[in-house]
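Spelled out, the chains give:
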Amino acid sequence: MSWSLWWARSERDREQQFEIRSSLIKEVRKLAEQKKVVSIDPATIEMIEKAAAEGVSTVFERAANMRPCPIGEEGSCCAHCAMGPCRVPLPRNKEETLEEHHKRKGLCGATAETIAARGFLRKIAAGTASHGDHGREVTKIFIEAAKGEIEGFEIKDEQKLLQLALELGVEIGDRTNEEIAIDVGELLQQDFGRQEGELTFIKRAPLKRQELWRKLDVVPRGIDREVAEAMHRTHMGCDQDYKSLLAHGARTSLADGWGGAMIATELQDILFGTPAPAASQVNLGVLKADEVNVVIHGHEPYVAEMLAVAAQDPEMIAYAASKGAKGINLTGMCCTANEILMRHGIPIAGNFLQQELAIVTGAVEAMVVDVQCIMQGLAEVANCYHTKLITTDARTKIEGAIHMQFDAHKAVESGKEILRAAIDNYSNRGENVRIPDVKTDLIAGFSHETINYLLGGLFRASYRPLNDNIINGRIRGVAGVVGCNNARVGHDDVHVTLVKELIKNDVLVIETGCAAMACAKFGLLVPEAAEFAGEGLRSVCEAVGIPPVLHMGACIDNSRILIAATSMVKDGGLGDDISDLPAVGVAAEWMSEKAIAIGQYFVSSGVYTIFGATWPTLGSKEVTDYLFKEMEGIYGGKWDFEPDPLKIAEMVINHIDEKRKALGIDKARERVLYDMEMRRELGKV
Ligand code: MSK
């Protein structure tokens, strides 16, 4: 069912459209409500059942017992002043017409359009603020490390530092890496508080895209400035033109993708190492029955980096042995997991919806959290078992948790102190332990640089082979499948069903965040998964030795996708802007405001972007039409919404085929069986 159908407004169609709209919303919820598919992951199901048997509340149980507010869900509620909250919901009965709905206003006179657009912009601002604050903290630590003011951190990727210095015009000469790094860090730090001008990395975008942004006046000036202005514009009595609000949404989102997120990724790579392919495992089965299990959860990598160092320290291993443990088993959860997976091969215990379930195993001595995506429910679950929930960042404190502030100036000691607390807790582990025997192999670490190298080799690193394989039709196009889990839809089900369908149709998939973990759990992130791919994609994967689904990192690393897309444009043959590429972005199980910021910077950068699960502006036809239709005429990219994964796949493929046609590369694709010699040739392309 197309979303647009339920907006037909003629009186003749009104009743029918009301039914269609109602059924679409119901369809989104149906699976979860009927409990047909809570999760497709056997480890998750086993732990949900254990939690239920032990009377422990989890997000799955709460989702079953509490329905989302229907007015808030469609973006029809405004709580921006104390005269409200005002509600301007869509018709809830067949007697009310949409025309009557249009007469419904907030106390200040705010229309459904203004209310929906303000809510949408605030989501973008919150997401941009989260990535921006992550980037700011990384930049601070980067500069302090270069100045020698903090211990335990050093420049790991000299080549990337020098490349970035060249790009930014920072003098290299015979200066030390540390001197260069200080200048690079301080230069990028200015992007957070810049009042006028343009963000540094805007110049990385294709020239045509930069010109478009300048013409539209949406080039971000400073990261913090755009977030602050978004909050101002959405204050009561300020911006009341939904198109104006959404234009600032585009500008704010660009301050995320080409600003805070990109700065974080670049500096993390220099400081901790640019990811390269690393083999590891995923799912709750990576927890160990006879070792101290520490799960590190959140987003910012420096606490995790220090724990990774401390866990290998002979002194700490001996301390664990003194408590009867055979070792220290460090594992990750959510995007901190992705960070330490990509750089150290540390296994992943699970994605977003599994955080409470890791504790339900009864085998986790400490869950150490930093920032973002950390459920408050963890404290109550930890209270039911022996697990210590340890917060490490003053920006994320949780009532009932132990706060052990991570001090970057004493990073090594801070890391050891946290580990000691976990080890001390090993003897408190009771008999109630059940670790699901479920884990899957994966390969991660496909940074932009790695893909470049794998495709083109050390001396001619390039995206040209990828472009050639798209042009010759072996690869139909590229889909960036990213984002969260959402307890309102079947856990992992939407991601995995979608991605399987895409690779079957020769669409190369690049992934980040919890989506990557979902597909990893189902064996799609190993080269052998090429057997699930269509003939063309399979031949390329086998020739190069890569999986058909490439793990590009944490959700902050969606900026890597922007760089990859720009490289594809610059390497030629696929148009002269990102919007020309046969490429699509999808967040099929999204739940975080960061996902909306990411989706909007994809759209503002020219990418057709489809979200599943739910959509937060359905309360206004005008705003939804603007996002889903008109934005394409402005930015070359647009939003779309569809909860069914197979329908999403169809939309992705249709869009890719349209772009192929526009590029003149839509001729019948050759179907050839490759012998070994031909595959070797393919690898050389
Ligand atoms: S952790 S933002 S649930 S991807 Fe990045 Fe996963 Fe979404 Fe958090």
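Residues numbered from 1 in each chain as written. Predicted model: local features only at pLDDT ≥ 70, side-chain atom pairs only at ≥ 80, totals over all residues. Heavy atoms only, no water.

**Student:** Looking at this model, I keep getting lost on the state of the cysteines. Mind explaining?
**Tutor:** Put plainly, two cysteines are in a disulfide when a covalent bond ties their sulfur atoms together. Per the counting criterion, the structure on display carries zero disulfides. C108 forms no disulfide, and the closest cysteine sulfur to it belongs to C81, at a distance of 6.3 Å. Not part of a disulfide, C519 finds its nearest cysteine sulfur in C514, a span of 12 Å. (Disulfide = S-S within 2.5 Å.)

**Student:** Can you help me understand the packing of helix α20 (residues 493-504) against helix α26 (residues 645-663) in this one?
**Tutor:** If you want to describe how two helices pack, look at the angle between their axes and the distance between the axes. Close contact between α20 and α26 brings their axes to 8 Å; oriented N to C, the two are set at 40 degrees. Taken together, the axes of α20 and α26 are oblique relative to one another. Judged by the twist between their axes, the crossing of α20 over α26 is right-handed. Two secondary-structure elements touch here, α20 through V494, T497, L498, E501 and L502 and α26 through P645, L646, I648, A649, V652 and I653. (Axes fitted to C-alpha atoms, helices over the stretch in contact; angles between N-to-C directions. Helix = DSSP H or I, 4+ residues; strand = E, 2+ residues; numbered from the N terminus. Parallel < 35°, antiparallel > 145°, perpendicular 65-115°, else oblique. Left-handed = near helix turned anticlockwise from the far one by under 90°. Contact = heavy atoms within 4.5 Å.)

**Student:** Where do I start with the packing of aromatic side chains in this structure?
**Tutor:** Aromatic ring pairs: the centre-centre distance and the angle between the two ring planes describe each pair. Per the stated rule, a full pass over the model turns up eleven aromatic pairs. When the ring of F120 is compared with that of W639, the centres are 5.7 Å apart and the planes differ by 80 degrees; the resulting orientation is edge-to-face. Of this pair, F120 sits in helix α6 (residues 112-146) while W639 sits in strand β16 (residues 639-641), and the two are 519 residues apart along the sequence. Assessed through its relative accessible area of 0%, W639 is described here as buried. Look at F611 and W639: their rings are 4.9 Å apart centre to centre, the planes differ by 80 degrees, and that puts the pair in the edge-to-face class. Taken together, the residues F611 in strand β15 (residues 608-611) and W639 in strand β16 connect sequence positions 28 residues apart. (Phe/Tyr/Trp six-rings, centres within 6.5 Å; stacked < 30°, edge-to-face > 60°. Buried < 20%, exposed > 50% of the residue type's maximum accessible area, 1.4 Å probe, protein only.)

**Student:** Would you take a moment to explain the sheet that holds strand β12 (residues 507-512) for this structure?
**Tutor:** Hydrogen bonds between backbone atoms are what pair the strands of a sheet, whose relative direction is either parallel or antiparallel. Strand order in the open sheet made by the six strands is β13-β12-β11-β14-β15-β16, with parallel pairing throughout. The sheet terminates laterally at β13 (549-553) and β16, the two strands that pair on one side only. The average undirected angle you get between the axes of adjacent strands in this sheet is 25 degrees. Of the pairings in the sheet, the one linking β12 to β13 comprises four bridges and is parallel in character. Each residue of the ladder has a partner; that of V509, found in β13, is V549. (Pairing = 2+ DSSP bridges.)

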